[in-house]
Amino acid sequence: MKHFKSLLLPAMTAAACAVISSCTQEEIVTSNPGRPIEFHLDVQSRGSDKTIANLDTIWVYADDGAETVFEATPFIKDQYGNFKSEEKIYWPDGKENINFTAFWPSPERLNSDPNAADCQPKHPAYKHVLLDLQPGYCTIKNEMGKNTAHQFDLITATTTTNRANANNGISLSFSHAYAQLEFRAKCDDSAEHTVVVHSMNISPVNAFSIYSITDKKWQAFKPEGKSDTSYGVYTAPTQVTTITKEVKSLTSKTGPMFVIPQTLKLAHYGNGNPTSSGGAFIKVFAKVYKDGEQIIPDPNWTDEEKESRIPKNVSRDDLNSLMNWTECAILRINISEEETIDLLPGHKYIFTIDFTNGIGYWAKQDPTNPDMPVLPNPISMVDVTIADWDSSDYDIMP
């Protein structure tokens, strides 16, 4: 990318002009590149998403459809809300229209993969490179972080404009690429039991997809060397949490989940068919008390029951630390009575679990009570609502 700098013609005396005329017949050329390229957020972005205002840096890639004009470059917000590059970039000569592809977070973050160490050496053929910026082809190959602490909101914007329109700043309208999930829980005072939650996950969730920034579309893919494209996503409350009548978040330790938009097939525990194949469901890792005494996990369980009902540590220390699930029970909870649920980009889904009348189900393979409620009463149905996207802030990282 060439940068064009203005050559200012200083005020000259008539005598000085005469000297120059006598010394050379070459014309003095004045280059006028106009204003440096800069960006601002349009009214739609500001009005529809509170979190957009928290952005302090965006990254922009530019091309003319045939070749790259400039590579992904950080543009930093100034005191007036305009995004400017550290080194001024001017509109290049000979370019009519330029395509601008903007995104957050940074290329470094997008090209990182917290699952890479876990994947190697089991799947050495799979390449953990995510961001691909080419003329007319800007995509992000996504592998979701199993630990929600590694997840991030992904926002993108694209626009095509000409030099004249760019002189007043280029307007960008950002949108969210992921669906956002938040899990909450409550338990009324009428309950005879007390649930203490350590952590939770939702499983299985499709974890691999390619996002076209240009088209704002997702396309599932199967990575080379991998046989399974779905897995569980793990999260936890800020601290071990006793569930009360006041609704409490189960995702506050890491913030909400950001998942690839998809249609989840849903499992249905308690349907009386322990051998049926299941879809997605919630696992809550918890301890349960009655009259001050722990009743779940029960020390009188057989070894087979403990094997089925108590989680084991996994190969990743970051997940074991997040989950803090030692000596907890696995409570399996249906998401909905529906067969499927659509998770759409830019939508926030709030799942509120009511533990008042029950706490979930045992596994379909449980040795004693397969597919049966953990307590005599089945759990109340999870309440699913769609809310405005209202995360408190962006996780600003390099």
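From a predicted model like this one, the values you see are computed outputs, not experimental measurements. (Residues numbered from 1 in each chain as written. Predicted model: local features only at pLDDT ≥ 70, side-chain atom pairs only at ≥ 80, totals over all residues. Heavy atoms only, no water.)

### Here's the deal with the packing of aromatic side chains
Between two aromatic rings, the relevant description is the distance of the centres plus the angle of the planes. Counted by the stated rule, this structure contains 15 aromatic pairs. The interplanar angle of 55° and the centroid separation of 6.3 Å between the aromatic rings of Phe-152 and Tyr-178 together place this pair among those described as tilted. Of this pair, Phe-152 sits in the loop between strand E7 (137–143) and strand E8 (155–162) while Tyr-178 sits in the loop between strand E10 (175–176) and strand E11 (179–186), and the two are 26 residues apart along the sequence. The exposure class assigned to Phe-152 is buried, which follows from its relative accessible area of 11%. By relative accessible area, Tyr-178 is classed as buried at 3%. Measuring from centroid to centroid gives 6.0 Å for Tyr-234 and Trp-325, while their planes differ by 75°, and the two rings are edge-to-face. Here Tyr-234, found in strand E15 (residues 230–235), pairs with Trp-325, found in the loop between helix H7 (317–323) and strand E22 (329–333); they are 91 residues apart in sequence, far enough to count as distant. The pair formed by Tyr-234 and Trp-325 is uniform in burial state, with each residue classed as buried. The structure contains a cluster of three or more aromatic residues connected by ring pairs, namely Phe-39, Phe-70, Phe-75, Trp-91 and Phe-100. It is Lys-146 that lies over the ring of Tyr-231; its NZ or CZ is 4.9 Å from the centre. (Phe/Tyr/Trp six-rings, centres within 6.5 Å; stacked < 30°, edge-to-face > 60°. Helix = DSSP H or I, 4+ residues; strand = E, 2+ residues; numbered from the N terminus. Buried < 20%, exposed > 50% of the residue type's maximum accessible area, 1.4 Å probe, protein only. Lys NZ or Arg CZ within 6 Å of the ring centre and 35° of its normal.)

### Quick word on the environment of Glu-192
Tracing the backbone shows Glu-192 in the loop between E11 and strand E12 (194–206). With 164 residues separating them in the primary sequence, Glu-192 and Thr-356 have C-alpha atoms 8.3 Å apart. Among residues more than four places away in sequence, those in contact with Glu-192 are Tyr-289 and Lys-290. (Contact = heavy atoms within 4.5 Å.)

### A word on the confidence of the model for the protein chain
Detailed reading of predicted coordinates is not advised where the pLDDT is low. Mean pLDDT over the protein chain works out to 84, with 82% of the residues at or above the 70 mark. Mean pLDDT in the protein chain bottoms out at helix H1 (residues 14–23), which sits at 40, and peaks at strand E16 (residues 241–242), which reaches 98. (pLDDT = per-residue confidence, 0-100.)

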